[in-house]
Amino acid sequence: DQQVKQNSPSLSVQEGRISILNCDYTNSMFDYFLWYKKYPAEGPTFLISISSIKDKNEDGRFTVFLNKSAKHLSLHIVPSQPGDSAVYFCAAGSNTGKLIFGQGTTLQVKP
Amino acid sequence: NAGVTQTPKFRILKIGQSMTLQCTQDMNHNYMYWYRQDPGMGLKLIYYSVGAGITDKGEVPNGYNVSRSTTEDFPLRLELAAPSQTSVYFCASSYARGRGDSPLHFGNGTRLTVT
């Protein structure tokens, strides 16, 4: 039972354009959501988060949108840069303390 | 500041052998986690701990054991290694629940192969 799903295994965009990564979840008890970025041979690093009481959070080039009725969140990267090429994981958590991750989306930004 | 340190980086085990994956953090974090990453499957939570002496199962705990005798250390034990345990293992820690104001800090992983 995959509670957090990233249905696109990969995404390729041109440098300077927008990258949109999507994530769906099934458990309505999740009350916070995060995005992590992972380079090869390294552990994931925290990128941006959003609480369930908000529908948008912005940090520089990165914006996360949350649609609670659709149980969907997305990460927008504008403008995309070659250094953004990595695997992006969305994750969801609740008051249990567990953080559940999606399968990841590999983003390639072409120069 | 070392953050989260995992040892070893790589290991090859024969079926039925046992080993302990070590994880230590120097950030005085209360919460610690073990995840495994399989190709195309994302990160699966194995066990987690909310403080010394307290552990709980995650999504895929079978075949593993953990202990948390100190705040700093959270070792993961494989008793009878099986090929299905071939994976990359990540340890992580956070000050509180892994929300945006207390995100998880990950180690660089241990790549384990069981043959």
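Conventions used here
Residues numbered from 1 in each chain as written. Chains lettered and ligands numbered in written order. Predicted model: local features only at pLDDT ≥ 70, side-chain atom pairs only at ≥ 80, totals over all residues. Heavy atoms only, no water. Helix = DSSP H or I, 4+ residues; strand = E, 2+ residues; numbered from the N terminus. Rg over C-alpha atoms; globule rule 2.2 N^0.38 Å. Buried < 20%, exposed > 50% of the residue type's maximum accessible area, 1.4 Å probe, protein only. Contact = heavy atoms within 4.5 Å. Areas by Shrake-Rupley, 256 points an atom, 1.4 Å probe, with all protein chains shown as cover. Salt bridge = Lys/Arg side-chain N within 4 Å of Asp/Glu carboxyl O. Core = buried A, V, L, I, M, F, W, Y, C linked by side-chain atoms within 4.5 Å. Pairing = 2+ DSSP bridges. Axes fitted to C-alpha atoms, helices over the stretch in contact; angles between N-to-C directions. Buried area = accessible area lost by both parts, 1.4 Å probe. Polar contact = N/O pair within 3.5 Å; in protein donor to acceptor, adjacent residues only side chain to side chain. Phe/Tyr/Trp six-rings, centres within 6.5 Å; stacked < 30°, edge-to-face > 60°.

## Let's talk about the overall build of chain B
Then, in step 1: Per the secondary structure count, chain B includes zero helices and eleven strands.
Then, in step 2: For a compact globule of 115 residues, the expected C-alpha radius of gyration is about 13 Å, and chain B comes in at 13 Å, within 12% of that figure.
Then, in step 3: Principal axes of the C-alpha set define a box for chain B whose edges measure 40 × 30 × 25 Å.
Then, in step 4: Residue burial in chain B is summarised as follows: out of 115 residues, 49% are buried.
Then, in step 5: Pairs at least 24 apart in sequence give 55% of the contacts found in chain B among residues at least 6 apart.
Then, in step 6: Working note: accessible area of chain B is about 5,400 Å², and carbon and sulfur atoms make up 51% of it.

## A short note on the pattern of salt bridges
Then, in step 1: Scanning all chains against the criterion turns up four salt bridges over all chains.
Then, in step 2: Put simply, Asp84 of chain A and Arg61 of chain A hold a salt bridge, and the shortest N to O gap is 2.8 Å. Taken together, the positions of Asp84 of chain A in the loop between β8 (72–77) and β9 (86–93) and Arg61 of chain A in the loop between β6 (56–59) and β7 (62–67) put the pair 23 residues apart, joining distant regions of the chain.
Then, in step 3: Across the pair Asp38 of chain B and Arg36 of chain B runs a salt bridge, and its minimum N-O distance is 3.1 Å.

## Regarding the nonpolar core
Then, in step 1: Core analysis: the largest hydrophobic core is formed by 24 residues, its most contacted members being Val4, Phe33, Trp35, Leu73, Leu75 and Tyr88 of chain A.
Then, in step 2: If you tally residues by element for this core, the top one is β9 of chain A, at four residues.

## A word on the environment of Ala41 of chain A
Then, in step 1: Inspection of the secondary structure assignment puts Ala41 of chain A in the loop between β4 (32–38) and β5 (45–51).
Then, in step 2: As for Ala41 of chain A and Lys54 of chain A, which are separated by 13 residues in sequence, their C-alpha atoms are 34 Å apart.

## So, the sheet that holds strand β8 (residues 76–78) of chain B
All names here are of chain B.
Then, in step 1: Taken together, the four strands give an open sheet; going across it, the order is β1-β3-β8-β7, and neighbouring strands pair in antiparallel fashion. Edge positions in the open sheet fall to β1 (4–7) and β7 (64–66), since each of these has one partner strand only. Each strand axis lies, on average, 20° off the axis of its neighbour in the sheet, ignoring direction.
Then, in step 2: By the bridge criterion, three bridges tie β7 to β8 in an arrangement that is antiparallel. Residue pairing for β8: Asn65 is matched across the bridge by Arg77.

## A closer look at the interface of chain B and chain A
Then, in step 1: Contacts between the two partners involve 23 residues from chain B, matched on the other side by 23 residues from chain A.
Then, in step 2: Summed over both sides, the interface of chain B with chain A buries roughly 1,800 Å², with 59% coming from carbon and sulfur.
Then, in step 3: When residues of chain B are sorted by the area they lose upon contact with chain A, Leu43, Arg97 and Phe106 of chain B head the list and together hold 26% of the total.
Then, in step 4: The tally of links between chain B and chain A comes to zero salt bridges.
Then, in step 5: Across the contact surface, chain B and chain A share four residue pairs in polar contact (both at pLDDT 80 or more).
Then, in step 6: Residue assignment for the side of chain B that touches chain A shows that the elements contributing at least two residues are β4 (31–38) and β5 (42–51) of chain B.
Then, in step 7: Ranked by residue count, the leading element in the side of chain B that touches chain A is β5 of chain B, at five residues.

## Looking at the packing of aromatic side chains
All names here are of chain B.
Then, in step 1: What the rule picks out here adds up to 15 aromatic pairs over all chains.
Then, in step 2: Both rings, one in Tyr33 and one in Tyr48, keep their centres 6.5 Å apart while their planes meet at 15°; by these two values the pair is stacked. Pair noted here: Tyr33 is in strand β4 and Tyr48 is in strand β5, with a separation of 15 residues, a long-range link. We note that Tyr33, like Tyr48, is buried.

## Examining the pairing of β6 of chain A
All names here are of chain A.
Then, in step 1: Here β6 pairs with β7 via four bridges, running antiparallel. Within β7, the residue paired with Glu58 across the bridge is Thr63.
Then, in step 2: Between β6 and β7, which pair antiparallel one after the other, the connecting turn spans two residues, and Gly60 there sits at a positive phi close to 65°.

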